[in-house]
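Chain by chain, the residues:
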Number of protein chains: 2
Amino acid sequence: MKNKVNIDVPDAILEQLDDSVFESTNYGNPEIQRVGPKVRATTGESKVQSSIDDVLSNTLKDGMTISFHHHFREGDFVFNKVMRKIIDMGYQNLTLAPSSLTNVMNDIVIEAIKKGVVTNITSSGMRGTLGDAVSHGILKNPVIFRSHGARARAIESGEIKIDVAFLGVPNSDEMGNANGMNGDAAFGSLGYALIDAQYADKLVLITDTIMPYPNTPASIKQTQVDYVVKVDKVGDPDKIGSGATRFTKDPKELKIAKTVNDVIVNSKYFKNDFSFQTGSGGAALAVTRFLREAMVAQNIKASFALGGITKPTVDLLNEGLVNRVMDVQDFDKGAASSMKLSPNQQEIDASWYADPANKGAMVDKLDVAILSALEVDTNFNVNVMSGSDGVIRGAIGGHQDAATAKLTIISAPLVRGRIATIVPKVNTVITPGDSIDVVVTDVGIAINPKRTDLVEQLKQVPGLPIYSIEELQQKAEKIVGKPAPLKFTDRVVAVAEYRDGSVIDVIKEVAD
Amino acid sequence: MKNKVNIDVPDAILEQLDDSVFESTNYGNPEIQRVGPKVRATTGESKVQSSIDDVLSNTLKDGMTISFHHHFREGDFVFNKVMRKIIDMGYQNLTLAPSSLTNVMNDIVIEAIKKGVVTNITSSGMRGTLGDAVSHGILKNPVIFRSHGARARAIESGEIKIDVAFLGVPNSDEMGNANGMNGDAAFGSLGYALIDAQYADKLVLITDTIMPYPNTPASIKQTQVDYVVKVDKVGDPDKIGSGATRFTKDPKELKIAKTVNDVIVNSKYFKNDFSFQTGSGGAALAVTRFLREAMVAQNIKASFALGGITKPTVDLLNEGLVNRVMDVQDFDKGAASSMKLSPNQQEIDASWYADPANKGAMVDKLDVAILSALEVDTNFNVNVMSGSDGVIRGAIGGHQDAATAKLTIISAPLVRGRIATIVPKVNTVITPGDSIDVVVTDVGIAINPKRTDLVEQLKQVPGLPIYSIEELQQKAEKIVGKPAPLKFTDRVVAVAEYRDGSVIDVIKEVAD
């Protein structure tokens, strides 16, 4: 059955997942019955365990769904510790439902799949050897990719039922009061993990630092925690967040950042109390810096900055240019260490950040979002999931969620090496073109023609090189030529859901 | 059927409420399936309404359950505003399920009962004209009294299903991010209301102060809120919390406070990292002051102070004598205004405070609790609900919950005027004697004989006047004589549940 972005979704997949096809970016106002966890009452005994073995025996059974968070990113020691035990103890047929999977988790997930320990996966994304293995058909059932907001929605509605959550934290007291702000492996906001803490039947904290009772602030509360497992180290501080907050010197990145800034400051959204999400990466940091200059020059203050937070964004807060930082994760040490000091850097959970099925998420109030892309097609559809070789190598993250902003800007180079970014048809549709407003490349911008208001406003900006998206695509093709079409088998190895739970695309097994 | 404190609970009541009789103060480790609310998704439109009428039409139907909180205490304007409309719009057959009822709410509740608007009530307590009216049979169905922890438990398990919660807040933004810390009518912790916010299908905030978006800290979050109604004033700041933090000059209160302090500091619990809940009232404030002196003298620091918080307790925090204040409500302005300034004064919800059916409440970790009493009987059972005339005039509050502390001290005068406090049999059992350890009066103390350890320790304290509870009862009787027995009809007008949901006592209609 074809969906609204013209993807033919096999009926067998829709039946298997009990899903519908993507229809609209407008979620509307449905009424949803939420679920609740099953809670085993305790009465004050210390929950600290020195070994994970007993905890697993007490909580985990074959066929269950387990979850982890990815706030430690490439510095994560927890995932491997727990999965090692799970594999060695011979569990079978588990569903792995982390907030996302980072490269450091790849080897052990592949091992778990090969041994039948893990037979289902839902995640924001995957990369490297795991993405490659899944694209080559290693997993029996299709992976389900969900955005951060969609994961929260699915957990709240019971679509994802977490039996046991294993959440690494840089500190906890003996009862499970924990936060992400203190300790050697501090990462700041626990945003994605807070949903697991609220909805998992069993919650196991893994920490290297036991604090005096009661430990506050308690982002995760003792009322949610079953066990606290003490380990030597939960993470490598140097790999948790990039330390890189320096200004990019790459002229292409600088040019893109400057153009993104030109689009923002010349739009009707750039006024007092506007809000924005810039994301991470060299260009994003540069945008934040250009934006700062424009805000100072025009005496404009933002109501909030949202999303994955970086040091330059926290600097805007401290400078008084931003009233609140609404923080679902921190991308670098500066942002992570600032949260405990700044009451206006508010930790938010994934539902508050981006869930379409609650009574109002932060993204609903977002004016400007700057997002990246692996590919954008001439219908403005964006791919952040599969590479030019058709292999899974990305993550939805908050892409679909933040793209609901009033002004959504995709910032990307026209070509990367010999690969076009602007293409006739993206390999995988993750974010529908309907929610993309402007595409900014190093050679020029394209405005979604349905945004006639933006076309009118921006064509009056001197020196802003505006093209049609087809023209940008042709420019790219002129540079890198037409790639040979990719070859896939008919087998679906992954399903990308839109944030409402419908199927926006399927990823097929690569044939090579 | 007789329960463990020898109360004969009519079978008809047990059937009507689908309840069992009280068996034990030990809650054990049952597994409980929690419920979730039904949520109507929204997408960023302002929730501010200028009139409550439309909000009621959109949310409320005959027969539903509505809730309020009592954090504004006798300064509450919200309850009357909302109930006035509900009565005038002709609703019928509602269940009123507030966290508690204060005197300022009495007249309109009586009116609502008379007009059939309210036909069921569950509350922590009631006093004055309402208590009198209920004791004289005004309400068709029995009131159910629950402790603060039990209310949280009942909401989480679906025993209390809140259809619409009307929560007054001293500030909110247009989306419903709100706290109790700022604004003219600030009251500090929103502790009891946080459970309603999490579990009510519909949540209506009533506020007099709309803050810029996004408003943080957000004790109540936009993800939980359906409507924000703007009114002129939500409360009278002078009546919200008593300003009284002065040291009592009443020699009887001072004597009791000093004896309470002697019991504490001579018990094995008075050591570094101990924890305590002192409560409010003249004697409680005096206990806090004596305790401070002992802590300074012996260089002892507390891990946490719990409960309803007063200025003297916050002073201990600021002085470094207490590591954390775990704050479910603030009894005075000093405590309320301190919360926003002190990160170590942690707002906690009613579940975290005292719910027996979660993965660990603060009361489970409580060393010392000082509680009050209207009556204590020779089985150490405590009545905080009905007066010597048999009329309802109190509240369970956190009494049953905090009484699970390792050392629970009841502090009360031996007699009040011509009324004995220590009696052969309390008129209403609220907290079972099993959880009471020491009773302190102005003439002496009684130790629960099952606490042989405390008997051993405390009998070595010079000058501590230790009696049996029977001796104290006889001393009281000698002063005030034997009261004539109260007369009741057979009709049950209220049921007092223990914190686990079992029936600990019934209150009958007074015959006069």
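Residues numbered from 1 in each chain as written. Chains lettered and ligands numbered in written order. Predicted model: local features only at pLDDT ≥ 70, side-chain atom pairs only at ≥ 80, totals over all residues. Heavy atoms only, no water.

- The name an unreviewed UniProt entry gives chain A is Citrate lyase alpha chain, with Leuconostoc falkenbergense as the organism.

1. Examining the overall build of chain A
Here comes step 1: A count of helices and strands for chain A gives 16 helices and 28 strands.
Here comes step 2: Scaling as 2.2 N^0.38, a compact globule of 512 residues should have a C-alpha radius of gyration of about 24 Å, and chain A matches this with 22 Å.
Here comes step 3: Viewed in the frame of its principal axes, chain A has a C-alpha envelope of about 70 × 55 × 45 Å.
Here comes step 4: Looking at chain A as a whole, 64% of its 512 residues are labelled buried.
Here comes step 5: Partitioning the intrachain contacts of chain A with sequence separation of at least 6 by distance along the chain shows that 73% fall at a separation of at least 24.
Here comes step 6: With 55 positive and 63 negative side-chain charges, chain A shows a spacing of 3 Å between the two charge centroids. (Helix = DSSP H or I, 4+ residues; strand = E, 2+ residues; numbered from the N terminus. Rg over C-alpha atoms; globule rule 2.2 N^0.38 Å. Buried < 20%, exposed > 50% of the residue type's maximum accessible area, 1.4 Å probe, protein only. Contact = heavy atoms within 4.5 Å. Lys, Arg positive; Asp, Glu negative; His and termini not counted. Charge placed at Lys NZ, Arg CZ, Asp CG, Glu CD.)

2. Let's talk about the side chain of E347 of chain A
All names here are of chain A.
Here comes step 1: Tracing the backbone through its elements, the reader meets E347 in strand 15 (residues 345-347).
Here comes step 2: Buried E347, no salt bridge; nearest opposite-charge side chain is K221, N-O distance 7.4 Å.
Here comes step 3: Of note is the side chain of E347, whose polar atom sits 2.8 Å from the backbone nitrogen of L190.
Here comes step 4: Within the structure, E347 has its side chain in polar contact with the side chain of S219 (distance 2.6 Å). (Salt bridge = Lys/Arg side-chain N within 4 Å of Asp/Glu carboxyl O. Polar contact = N/O pair within 3.5 Å; in protein donor to acceptor, adjacent residues only side chain to side chain.)

3. Things to note about the pairing of strand 11 (residues 227-230) of chain A
Residue and element names in this part refer to chain A.
Here comes step 1: Here two bridges tie strand 3 (residues 48-49) to strand 11, and the two strands are oriented parallel to one another. Note on strand 11: the bridge partner recorded for V48 is V228.
Here comes step 2: In this sheet, strand 11 lies alongside strand 10 (residues 202-207) in parallel orientation, the contact comprising four bridges. Looking across to strand 11, one finds that V204 is bridged to Y227. (Pairing = 2+ DSSP bridges.)

4. Concerning the packing of helix 4 (residues 106-114) of chain B against helix 5 (residues 128-135) of chain B
All names here are of chain B.
Here comes step 1: Interhelical geometry of helix 4 versus helix 5 gives an angle of 30 degrees and a closest axis separation of 7 Å. One finds that helix 4 runs roughly parallel with respect to helix 5. Once helix 4 is placed against helix 5, the crossing between them reads as left-handed. Contacts between helix 4 and helix 5 involve N106, D107, V109, I110 and I113 from the former and G128, T129, L130 and A133 from the latter.
Here comes step 2: In terms of residue class, the contact of helix 4 with helix 5 is built from five nonpolar, three polar and one charged. (Axes fitted to C-alpha atoms, helices over the stretch in contact; angles between N-to-C directions. Parallel < 35°, antiparallel > 145°, perpendicular 65-115°, else oblique. Left-handed = near helix turned anticlockwise from the far one by under 90°. Nonpolar A, V, L, I, M, F, W, Y, C, P; charged D, E, K, R; others polar.)

5. Let's talk about the relation of the copies chain A and chain B
Here comes step 1: For the pair chain A and chain B, the relating rotation is 180 degrees, the translation along its axis is 0.0 Å, and the fit reaches an RMSD of 0.0 Å. Taken together, the turn and the small shift mark the pair as related by a two-fold rotation axis. Relative to the rotation axis, the closest C-alpha in chain A is found at G36 of chain A, a distance of 2.6 Å. (Least-squares fit on C-alpha atoms with pLDDT ≥ 70 in both.)

6. Observations concerning the pattern of salt bridges
Residues and elements named next belong to chain A.
Here comes step 1: This model, assessed by the stated rule, comprises 53 salt bridges over all chains.
Here comes step 2: Among the ionic pairs, D437 bridges to R451, the shortest N-O distance being 2.9 Å. Of this pair, D437 sits in the loop between strand 23 (422-423) and strand 24 (438-440) while R451 sits in the loop between strand 25 (445-447) and helix 15 (452-458), and the two are 14 residues apart along the sequence. Each member of the pair, D437 together with R451, is buried.
Here comes step 3: When salt bridges with common partners are traced through the structure, they connect R84, D88, E111 and K115 into a single cluster.

7. Let's talk about the sheet that holds strand 15 (residues 345-347) of chain B
Residues and elements named next belong to chain B.
Here comes step 1: Overall, mixed pairing links the nine strands, which are arranged 15-14-13-12-16-20-24-25-26 in an open sheet. In the strand order of this sheet, the two ends are held by strand 15 and strand 26 (466-467), each with one partner.
Here comes step 2: Strand contacts of helix 11 (residues 311-318): strand 12 (274-277), strand 13 (302-309), strand 14 (322-330) and strand 15, with the helix running at about 155 degrees to strand 14, the strand carrying the most contacts.

8. Comments concerning the pairing of strand 16 (residues 368-371) of chain B
The side chains of a regular strand alternate, residue by residue, between the two faces of the sheet.
Residue and element names in this part refer to chain B.
Here comes step 1: Neither face of strand 16 is open: one carries V368 and I370, the other A369 and L371, and all of them are buried.
Here comes step 2: Where strand 12 lies against strand 16, two bridges are found, and the strand directions are parallel. Counterpart to Q277 in the pairing with strand 16 is A369.
Here comes step 3: With four bridges joining them, strand 16 and strand 20 (residues 407-411) adopt parallel strand pairing.

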